[in-house]
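# Chain and residue survey
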Amino acid sequence: MKPLNILISGASIAGPAAALLLARQGHAVTIVERASALRAGGQTVDLRGAGRTVIDRIGLTAATDARLLDQRGITTVDAKGKRHSALPVEAFDGNGVVSTHEILRGDLAEALTAALPESVEFIWNDTVVAIDDSSDSAVVSFEKEADRRFDLVIGADGLGSAVRRNAFGPDEQNLQPIGLRFAWFTATIDDDLKGWYLMHNAKGGRVVSARPSRTDNRVKASMAIRGSDPNPLYDRESQRRVFEEAFADVGWVAPQLLAQMHNADDWAYADLAQVKMDHFTKGRVALVGDAGYCPTPLTGLGTTLALVGAYVLAGELGRAGGDVGPALREYERVMRPFIERTQQLPPAGVAGYAPKSRVAIALSRFSYWAMNRWPMRNILAKQFAKADGIDLPDYEAEGVRNSAHGAQCA
């Protein structure tokens, strides 16, 4: 193995997962993160299919299982909070809309980061502003740090990836908005979830939801609106104003959420888009997770793609003995079919999640009752089965130091 000097941009899920595997192979790994520290909390993500297999192979099953959320399933509610149709967590063998292995994004990031060896260097409160990629190295310019030279640069910095913009061009070339704006934050509400993920649809394609957290008196709330922003909304007050106006007449817990969102310390906003690229590697630069192939939260497969992408990239680099060019070509070849399948939105897509008319809302509510019954069960089973839609290479069996066991035995 040729030891490499590797930069990873992003310290959420894909970044620490790639760092862990690459450090185990003996590479020098540096992580740069725009935030000043690891971002705790966050919304719920799930460990399903091949993503869970990766967690098993890298030896983090116990660490993540200890942080799983206890959720009973998803239930629709009306404007007065009355519960209607429900889909229990046991549906689709625990891999339906709500998975048996749900975890807060921040908790998963903490589990991955805690497993990193001390050799991994962190640069906090900084970001990539330029990449000069030549044949034998890549010189990276940072916003604050001095320029540094790396053998490989990995963009694991999400939908708004700085690495992608600097190496592959502006966002408008690579992002395809799906017509749904989202806000997420932590709040308290009067309604007792009793372990259920509750969701309310209002006319005009507006959605309010609340999911269980790991603290009894707090919920993970979200609000969604149909449409896309013609101009990006970078400041939080502009973002919040959009939701304040859109949800002023919405019932259930919407008034409580509107009252709390201005003081939410974990506010997050996104104009949802998929990342569609002819190539997500170029020279000595590779994208992993949402940065290179975001499927949007509607698929429920973003975390799976992030973990699988990190695992395959590290595995192919190990297979190639540290030869970057062949490794990145194989990374694309292995991942491409899986990405194309997982980026397919569920039946009805955005219209199914955020219906506009009363009739469409009624049909959507009925669909949750019908999901676990024929014929809808057969249709949706194919969607949920996509999480396992890759023949994941067993790099450890080939002698690649890409797992906890492989690292100990090497």
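Please refer to the structure placed before this passage.
Quick look at the structure, then. Keep in mind that what you see is a predicted model, and the values were worked out from it rather than measured.

Take the pairing of strand S11 (residues 152-155) next. Every second residue of S11 is oriented toward a common face, with Leu-152 and Ile-154 on one face and Val-153 and Gly-155 on the other, all of them buried. Pairing of strand S1 (residues 5-9) with S11, which is carried by four bridges, proceeds in the parallel orientation. When the bridges of S11 are listed, Ile-8 appears paired with Ile-154. Both S11 and strand S18 (residues 285-287) contribute to a ladder of three bridges, which runs parallel. For Val-153, the partnering residue across the bridge sits in S18 and is Val-285.

Per the stated rule, a full pass over the model turns up 18 salt bridges. Across the pair Arg-39 and Glu-33 runs a salt bridge, and its minimum N-O distance is 3.4 Å. Residue class for Arg-39 comes out partly exposed when judged on its relative accessible area of 48%. For Glu-33, a relative accessible area of 6% corresponds to the buried category. Linking Arg-319 and Glu-398 is a salt bridge whose minimum nitrogen-to-oxygen distance equals 2.6 Å.

Our focus in this paragraph is the packing of aromatic side chains. Taken as a whole and judged by the stated rule, the model has twelve aromatic pairs. Taken together, a centroid distance of 5.7 Å and an interplanar angle of 35° make the contact between Phe-182 and Tyr-353 tilted. Linking Phe-182 in strand S12 (residues 175-187) with Tyr-353 in helix H12 (residues 349-353), this pair joins segments that are 171 residues apart in sequence. Measuring from ring centre to ring centre gives 6.1 Å for Phe-243 and Phe-247, while their planes differ by 20°; the resulting arrangement is stacked. Here Phe-247 falls in the buried class, since its relative accessible area comes to 1%. Among the aromatic residues, those joined into a cluster by ring pairs are Phe-185, Phe-243, Phe-247, Trp-267 and Tyr-269. Positioned above the aromatic ring of Trp-267, the side-chain terminus of Arg-240 is 5.0 Å from the ring centre.

About the thresholds
- Residues numbered from 1 in each chain as written.
- Predicted model: local features only at pLDDT ≥ 70, side-chain atom pairs only at ≥ 80, totals over all residues.
- Heavy atoms only, no water.
- Buried < 20%, exposed > 50% of the residue type's maximum accessible area, 1.4 Å probe, protein only.
- Helix = DSSP H or I, 4+ residues; strand = E, 2+ residues; numbered from the N terminus.
- Pairing = 2+ DSSP bridges.
- Salt bridge = Lys/Arg side-chain N within 4 Å of Asp/Glu carboxyl O.
- Phe/Tyr/Trp six-rings, centres within 6.5 Å; stacked < 30°, edge-to-face > 60°.
- Lys NZ or Arg CZ within 6 Å of the ring centre and 35° of its normal.

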